[in-house]
Amino acid sequence: MEEPNSIKPIPGKDTDSFHKFQSLISESLLRPKMAKFKTMKPLPASLLKEAALEAGFDLVGLGPALIPRPAQETLRHWLKKGCHGKMTWLATNREVLESPQKFLPNAMSVLSLAKDYGMPPTLVDGAQVARYAAGKDYHRSFKKRMKGLFDLLQKIGLKREEYRSGVDAVPLLERSLAEGAGMGFRAKSTGLIHPYLGPWLLLGEILLHGEAEASLPPPGSCGTCTACLDACPTGALTGPGELDARRCISYTTIELRGPIPPQLRTPQGNWIFGCDICIEICPFAKKRGTRPREPDLQRHPSLESYDLLKILECTEEQWNRDWTGTSIRRAKREGLRRNVAIALGNLHREDAAPALERALKDPDPGLRTGAAWALGKMKLKSKAIEEALHREEDAQIQADLILSLEQSKS
Ligand code: B12
Ligand code: SF4
Ligand code: SF4
């Protein structure tokens, strides 16, 4: 009988809960098996899973390289509604997302891999960074770990063109593939949650030629809970498992270039990169405590040495020197500074007024808008706002500056 997904216990810490989990697995062994899928080469499932755990992954499963029809339909509907915002690569790659064989021709199986990044919140001078981005860029550490597995794949007879890996920014529906590989259940927050490890999981995968039998899904579901839907400050979670990325703080602070939409600036609160609210509130996150942090997940030194004002005024040279190798680079220097300006406004940091006034002269419209908005939010009287209004040509920023002036008078 095929094994359930493999999970690595934390020595000396998880013994009791791990045994409890093992008994959950025994229950799940009684559940009907997922369909078997066949090709020419049978894959040594146990060997692959062991090697993946050895390589430092915390959870691993095998499943079919296919996206079920309902998930394909949801994706189409999601794209049609424009929920992907300006992430146009998702729409241009729709056919690849629906069919992993367009990513790796003749792919039959997926080895799904996860890393647990549970850790305390990442605070920078009173602002917050999504926990996944606290340490070194996880894409790099995933790739390093995967390289070790490639050697094994070659040893078991797979040629270079018979496997292909992916992490995050690839045209694969990683959560659907992971679900099919028994890695957890799809939650109302849209995330993939493992009933024992919880929601702090980063995913990657290797698509493979070869026959495998799907790992059994662990039991678990959101049940009647709606905590994440209720807690989302922007209403981005429009229903169970439905997310309108355009309203999500993670999208606006990481993916979106230019100004943050006005109605989302106050709800952004003190987030300067990503958002963890829908994970933090989740009972599955609470059950699990935090894992000891590995070197790669340790807080990056730049998060210690920078405060918000220093980030706001970070030069191109500092950006390249101090932030290379972090996930935070994804937001770009202008984006991070724009996010900081908004957070400073929300945090009522009046000491930031001179730096925000200087930011009104920045070439980046997103940052200028954020700075104008933050000054207005704090109702600060400032000659710099009037001066900026005289020279500003961007209509949106003019509107923000006028609002700031009105607010400073009220
Ligand atoms: C684009 C993207 C985003 C976008 C859009 C997120 C989204 N929910 O679609 C933005 C920028 C907002 C984002 C935010 C975050 N992301 Co992101 N993101 C991605 C990316 C690149 C693609 C996701 C995608 O294809 N979305 C399109 C939708 C349609 O796809 P889907 O969610 O799989 O859709 C399925 C469900 O809707 C499901 N479904 C259908 N009906 C129903 C009904 C119910 C009840 C349920 C539960 C599900 C369900 O079927 C659909 C089709 O498969 C993936 C990496 C990848 N290549 O997969 C990472 C990924 C999903 N992100 C990840 C993370 C960690 C985050 C953040 C936590 C980061 C942060 N702290 O700021 C937040 C979480 C926000 C949230 N609640 O989802 C992880 C999630 C890991 C996990 N355990 O689930 C991934 C897998 C990256 C990785 N390699 O680890 N992300
Ligand atoms: S990441 Fe934040 S904004 Fe996005 S859905 Fe979750 S709680 Fe809402
Ligand atoms: S908070 Fe509740 S509804 Fe949301 S993902 Fe967690 S268990 Fe599911």
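Here the structure is a predicted model, which means the values were calculated and not measured.

Scoring rules and cut-offs
- Note that residues are indexed from 1 along each chain, following the sequence as it is written.
- Whichever chain is written first is A, and whichever ligand is written first is 1; the rest continue in order.
- Given that the model is predicted, a residue must reach a pLDDT of at least 70 before its local features are reported, and side-chain atom pairs must reach 80 or more before they are shown or counted; all residues, however, enter totals for whole chains, interfaces and linings.
- By the criteria applied, helices consist of DSSP H or I runs no shorter than four residues and strands consist of E runs no shorter than two, each listed in order from the N terminus.
- Exposure classification rests on a simple neighbour count of other C-beta atoms within 10 Å of a residue's own: a residue reaching 20 or more is buried, one at 12 or fewer is exposed, and one in between is partly exposed. C-beta atoms are placed from the backbone.
- It is the C-beta atoms, placed from the backbone, that decide contacts: two residues are in contact if theirs lie within 7 Å.
- Here, nearness is defined through the C-beta atom: a residue counts as near a molecule or strand if that backbone-placed atom lies within 6 Å of it.
- Residues are grouped as follows: Ala, Val, Leu, Ile, Met, Phe, Trp, Tyr, Cys and Pro are nonpolar; Asp, Glu, Lys and Arg are charged; all remaining types, including Gly, are polar.
- The source of the domain bounds is an automatic or database domain assignment.
- Interaxial angle, 0 to 180 degrees, is taken between N-to-C directions of lines fitted to C-alpha atoms, where a helix line uses only the stretch in contact.
- Here roughly perpendicular refers to angles of 65 to 115 degrees, roughly parallel to angles under 35, roughly antiparallel to angles over 145, and oblique to all remaining angles.
- Strands are labelled as partners when DSSP assigns at least two bridges between them.

Quick notes on the overall build of the protein chain
Working step 1: Along its length, the protein chain carries 19 helices and 14 strands.
Working step 2: Within the protein chain, the proportion of its 410 residues that are buried is 46%.
Working step 3: Summarising the internal contacts of the protein chain: among those between residues at least 6 apart in sequence, 79% fall at separations of at least 24.

What to know about the site of ligand 1
Working step 1: Around ligand 1 sit 43 residues in total, of which Ala-71, Ala-130, Gly-241, Ser-250 and Gly-274 are the nearest.
Working step 2: In terms of residue class, the shell around ligand 1 is made up of 27 nonpolar, 9 polar and 7 charged.
Working step 3: A domain-level breakdown of the shell around ligand 1 finds at least three residues from each of domain 1 (6-119 + 136-213) and domain 2 (234-268 + 300-409).

Observations regarding the packing of helix α15 (residues 332-346) against helix α17 (residues 365-377)
Working step 1: Contact pair α15 / α17: the axes reach a minimum separation of 8 Å and the direction vectors enclose 5°. Judged on the interaxial angle alone, α17 and α15 are roughly parallel. Here Glu-334, Gly-335, Arg-337, Arg-338, Ala-341, Ile-342, Leu-344, Gly-345 and Asn-346 of α15 come into contact with α17, specifically with Gly-366, Leu-367, Gly-370, Ala-371, Trp-373, Ala-374 and Lys-377.
Working step 2: Looking at the contact of α15 with α17 residue by residue, the classes come out as 7 nonpolar, 5 polar and 4 charged.

A closer look at the site of ligand 2
Working step 1: In the region of ligand 2, the neighbouring residues are Cys-232, Thr-234, Ala-236, Leu-237, Leu-243, Cys-248, Ile-249, Ser-250, Cys-275, Ile-277 and Cys-278.
Working step 2: For the shell around ligand 2, the elements supplying multiple residues, two or more each, are α9 (249-255) and α10 (277-280).
Working step 3: Looking at side-chain class alone, the shell around ligand 2 contains 9 nonpolar, 2 polar and no charged residues.

A word on the sheet that holds strand β6 (residues 127-129)
Working step 1: The strand order across the open sheet formed by 3 strands is β5-β6-β14, and the pairing between neighbours is mixed. Each edge of the sheet is formed by a strand with only one pairing partner; in this case those strands are β5 (122-124) and β14 (271-273). Across the sheet, the axes of successive neighbouring strands diverge by a mean angle of 40°, strand direction being ignored.
Working step 2: Bridge analysis of β6 against β14 gives 2 bridges, and the strand direction is parallel. Bridge pairing links Gln-128 to Trp-271 in β14.
Working step 3: Relative to β14, α15 is tilted by about 175°, and along the sheet it contacts β6 and β14.

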